[in-house]
Amino acid sequence: MVFGIEHKVKSHRTGRRRKKGGQKMLVAPWIVITLVCVLVASGLTWGFVALLRSGCSGEMWRVTVAAAPSVYGSLGDAAQAWEREQPELNGQCIGVAVTEVSAADASQGITGTWNSMSFGDRPIAWAPDAQAWASRLTAGEATAGYVTSDPVVLGEAASVLAVAESTATALGWLGGEPPTWEAVTEAAAAGEISLAAANPRSSTEGLVALLNASSDGAGGFSQAAADAYAAAIEAGSSAADASALKTAYAEAADPTQVMTMLDYQVEDFNATSESADPLVPVKPSGTMVGAVASYLVLGGAAWVSSSDAQIAERFGEFVAGQVASGEFSDPDLAPVEDEAAALGQTTPESVGEAVRAWQSGAEDLNVLFLLDWSSAVMEETVAYEGEEVEAGIAAVRMAVDMVAEMEPAWTAGLWEYGVGAGGESNWRSVAAPAEMSADGKSALTEELYDLSENATYEGGSPLYDSLVAAYQEMSAGAVDGASSVIVVLTNSGEDTASLPTVEETAQTLEGLGGGVSVYTVGFGSANSANLEVLASAGGGAFIAAPEDGGVLGEIAPA
């Protein structure tokens, strides 16, 4: 453990077992006396050295480094090694606390509302697993000056296509010149392959694939190439990240499906798969952008003091020294020989153009959170983000996490339901739908936190009537070109407070004409059968609440 953080790579040292029984070894008294004298002298020497090294005092002051999963363990090891050197600033002992935050989550939090409940303190330094995220951060006028030190390059993963070996062989993609991105999109258009892409909003593998697929071949952006890539995905499929792509691939067992991944993600899949047709990484020719991991100091951000920035810079210098000496290594990353070239793979301009083109082609999302606040939500505890909390608190946290991930053009609102919540009705509007700008996210997050401190409503869980009312409300405000979604968050699903049955409620939803999708998220002992019936009638799906969140990726348009 490093400051309470578990390493990604566990130690392989197993130790030596002590033998039981056996003959005791006799030790002469003069040997014992000599050994004691040596130990005492050694202790005095150690104490003198420690006194010379004790240049700082008081409780250690640590600043937070938000690190992507691929570099989290290695940076944690570096932080421990640095603290062993007893660094100080003005007599104060200093260090860093490394927290694991995906690059997509960190990027959204740094530019918008930081979710401290999920990710800890706001970061003073950031280690994304692709320099493209840093380019995206500095593409905005308000955040252009956030990074105040030269990036420290940590390593690189290659952007590849994960292809079944049989398919890659049949297409001639193995053993010769790999295909260009243009050839890949043409193969998708011809139906020879089905392209499955990771979402560039929520994954590094998706972002670097987008940049490569939409490149003009000279480090710039090509609208024609971006359009061809979008058409290939529309004919194929998309998912939040490589993990979701791999799950769908394993279930479909379709060897023609080609997925956007990083090289180590292909290795991870093959290591746990028993398929006779393993995946092979194919790097399209002309691919210019890799996932270059780096360490950045956010000294220009409003929440970063000059002293905190100095500490982060000092740690960055230590890490740079480790990288140069070969002491810093990560099993997911290859070393980078030409750091300047690696950092120059992307520019804020090219990343900004590609992301804007992607967003303009994707639908907006309008969400209404329908939160169960009946007494049942506080009568059961569930696991969420490593803690055991009441189901209602887990639901609030999940909603907060989803809000933090939303795009600025999307909208979100909040209803709660419980017996008598709205006086004559069993539901009430807590927050009207609003755009998820930085201010909008902050306001809705505050409403969710405030609701979590309110008393629950005594009685049953009146989901059925509340869901129909919410559906009618969302239908009335539906906008062309946008997806309207209701997200039910509950640990119940059984409703004795409403007049209709679950079957009658489902029939009502089916008769309301569509246009709204219902996703029911069940915590703990929720009645999954009932929630599945309602979600299916509402054109959505039931989701068993994952302990680590990540629900938005399952409902957001690609």
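This structure is a prediction, so every number in the text was calculated from the model and none was measured.

All right, on to the overall build of the chain then. Within the chain, the regular secondary structure consists of 20 helices and 19 strands. Expressed as a percentage of its 558 residues, the buried residues of the chain come to 48%. Contacts spanning at least 24 positions in sequence make up 78% of the contacts within the chain whose residues lie at least 6 apart.

Moving on, we come to the confidence of the model for the chain. Overall, the predicted model of the chain reaches an average pLDDT of 85, with 88% of residues at or above 70. For the chain, the element scoring lowest by mean pLDDT is helix H1 (residues 29–53), at 40; strand S4 (residues 125–127) scores highest, at 98. Here residues 1–53 is modelled with pLDDT under 50, and outside its nearest four sequence neighbours on either side it reaches 31 contacts, counting other chains as well.

Bringing the pairing of strand S18 (residues 516–522) into the picture now. With six of seven residues buried, S18 is to be regarded as a mostly interior element. Of the pairings in the sheet, the one linking strand S17 (residues 482–490) to S18 comprises seven bridges and is parallel in character. Looking across to S18, one finds that Thr 490 is bridged to Gly 522. Where S18 and strand S19 (residues 541–544) come together, four bridges link them in parallel fashion. Of the residues in S19, the one forming a bridge with Gly 522 is Ala 544. Read as a crossover between parallel neighbours, the route from S18 over helix H19 (residues 528–537) to S19 is right-handed.

As a further point, take the sheet that holds strand S8 (residues 237–239). Across the sheet, which stays open at both edges, the five strands sit in the order S8-S7-S9-S6-S10 with mixed pairing between neighbours. Two strands in the sheet have a free side with no partner beyond their single neighbour: S8 and strand S10 (279–282). Adjacent strand axes in the sheet meet at a mean angle of 30°, parallel and antiparallel pairs treated alike. Relative to S8, strand S7 (residues 194–198) is paired through three bridges, and the arrangement is parallel. From the neighbouring strand, Ala 196 faces S8, where its bridge partner is Ser 237. Set on the sheet, helix H8 (residues 204–213) makes contact with strand S6 (159–164), S7 and strand S9 (257–262); between it and S9 the angle comes to about 105°. Helix-sheet contacts for helix H9 (residues 223–235) involve S7, S8 and S9, and the interaxial angle to S7 is about 105°.

For the rest of this paragraph, the subject is H8. Taking burial as the measure, the ten residues of H8 include ten buried ones, the bulk of the element. Of all the positions in H8, only Thr 204, Glu 205, Gly 206, Leu 207, Val 208, Ala 209, Leu 210, Leu 211, Asn 212 and Ala 213 are classed as buried. The residue sitting at the N-terminus of H8 and contributing the capping side-chain oxygen is Ser 203; that oxygen lies 3.0 Å from the backbone nitrogen of Gly 206.

Backbone geometry at Asn 90 places phi at a positive 55°, although glycine is not the residue there. Tracing the chain through its elements places Asn 90 in the loop between strand S2 (88–89) and strand S3 (92–100). Not every positive phi belongs to a glycine, and Ala 253 is a case in point at roughly 55°. By secondary structure assignment, the location of Ala 253 is in the loop between helix H10 (242–252) and S9. Ala 253 sits in the exposed class, given a relative accessible area of 60%.

Bringing empty space enclosed by the protein into the picture now. If you roll a probe as big as a water molecule over the atoms, it shows you where there is empty space left. Following the criterion strictly, the structure yields one cavity of 30 Å³ or more and no others. Space inside the largest cavity adds up to approximately 50 Å³. Those elements that provide at least two residues to the lining of the largest cavity are helix H3 (103–111) and helix H15 (391–405). Its residues assigned to classes, the lining of the largest cavity shows three nonpolar, four polar and three charged.

Turning our eyes to something else, we now look at the packing of helix H2 (residues 69–84) against helix H12 (residues 306–325). A pair of packed helices is captured by two measures, namely the crossing angle of their axes and the spacing between those axes. Orientation of H2 relative to H12, taken along the N-to-C sense of each, is 105°, at an axis distance of 10 Å. Here H2 is positioned roughly perpendicular relative to H12, judged by the angle of their axes. Along the contact surface, H2 presents Leu 75, Ala 78, Ala 79, Ala 81 and Trp 82, while H12 presents Ile 311, Arg 314, Phe 315, Phe 318, Val 319 and Gln 322. Of the residues assigned to the contact of H2 with H12, the class counts are nine nonpolar, one polar and one charged.

The subject of this paragraph is the packing of H15 against helix H16 (residues 438–452). Remark: H15 packs on H16, axes separated minimally by 10 Å, with the N-to-C direction vectors making an angle of 180°. In terms of orientation, H15 lies roughly antiparallel with respect to H16. Contacts between H15 and H16 involve Ile 393, Val 396, Ala 399, Val 400, Val 403, Ala 404 and Glu 405 from the first element and Lys 441, Leu 444, Thr 445, Leu 448, Tyr 449 and Ser 452 from the second. Looking at side-chain class alone, the contact of H15 with H16 contains nine nonpolar, two polar and two charged residues.

For the rest of this paragraph, the subject is the nonpolar core. Core analysis: the biggest nonpolar cluster contains 85 residues, and Val 71, Leu 75, Trp 126, Leu 154, Tyr 229, Tyr 295 and Phe 315 have the highest contact counts within it. Of the residues forming this core, the biggest block, seven residues, is contributed by H2. Those residues in contact with Trp 126 that lie beyond four places of it in its chain are Ala 66, Ala 103, Ala 106, Ser 107, Ile 110, Trp 133, Ala 134, Leu 137, Ser 294, Tyr 295, Leu 296 and Leu 298. If you look at the next biggest cluster of nonpolar residues, it comprises 41 residues, including Met 398, Ala 399, Ala 431 and Ile 555.

Our next topic: the packing of aromatic side chains. Under the counting rule described, the total for this entry stands at six aromatic pairs. Taken together, a centroid distance of 5.8 Å and an interplanar angle of 90° make the contact between Tyr 146 and Trp 303 edge-to-face. Separated by 157 residues along the polypeptide, Tyr 146 in the loop between helix H5 (131–138) and strand S5 (152–157) and Trp 303 in the loop between strand S11 (291–297) and H12 bring together distant segments of the chain. You can call Trp 303 partly exposed: its relative accessible area is 24%. Their ring planes at 70° and their centres at 5.8 Å tell us that Tyr 249 and Phe 269 sit as a pair that is edge-to-face. Pair noted here: Tyr 249 is in helix H10 and Phe 269 is in helix H11 (residues 263–272), with a separation of 20 residues, a long-range link.

Rules of the game
Residues numbered from 1 in each chain as written. Predicted model: local features only at pLDDT ≥ 70, side-chain atom pairs only at ≥ 80, totals over all residues. Heavy atoms only, no water. Helix = DSSP H or I, 4+ residues; strand = E, 2+ residues; numbered from the N terminus. Buried < 20%, exposed > 50% of the residue type's maximum accessible area, 1.4 Å probe, protein only. Contact = heavy atoms within 4.5 Å. pLDDT = per-residue confidence, 0-100. Pairing = 2+ DSSP bridges. Right-handed = clockwise from strand over helix to strand, strands pointing away. Axes fitted to C-alpha atoms, helices over the stretch in contact; angles between N-to-C directions. Polar contact = N/O pair within 3.5 Å; in protein donor to acceptor, adjacent residues only side chain to side chain. 1 Å grid on protein atoms, 1.4 Å probe; cavity = no way out; pocket = protein on both sides within 12 Å on 5 of 7 lines; lining within 4 Å. Points joined across faces, edges and corners; volume = space filled by probe spheres on them. Nonpolar A, V, L, I, M, F, W, Y, C, P; charged D, E, K, R; others polar. Parallel < 35°, antiparallel > 145°, perpendicular 65-115°, else oblique. Core = buried A, V, L, I, M, F, W, Y, C linked by side-chain atoms within 4.5 Å. Phe/Tyr/Trp six-rings, centres within 6.5 Å; stacked < 30°, edge-to-face > 60°.

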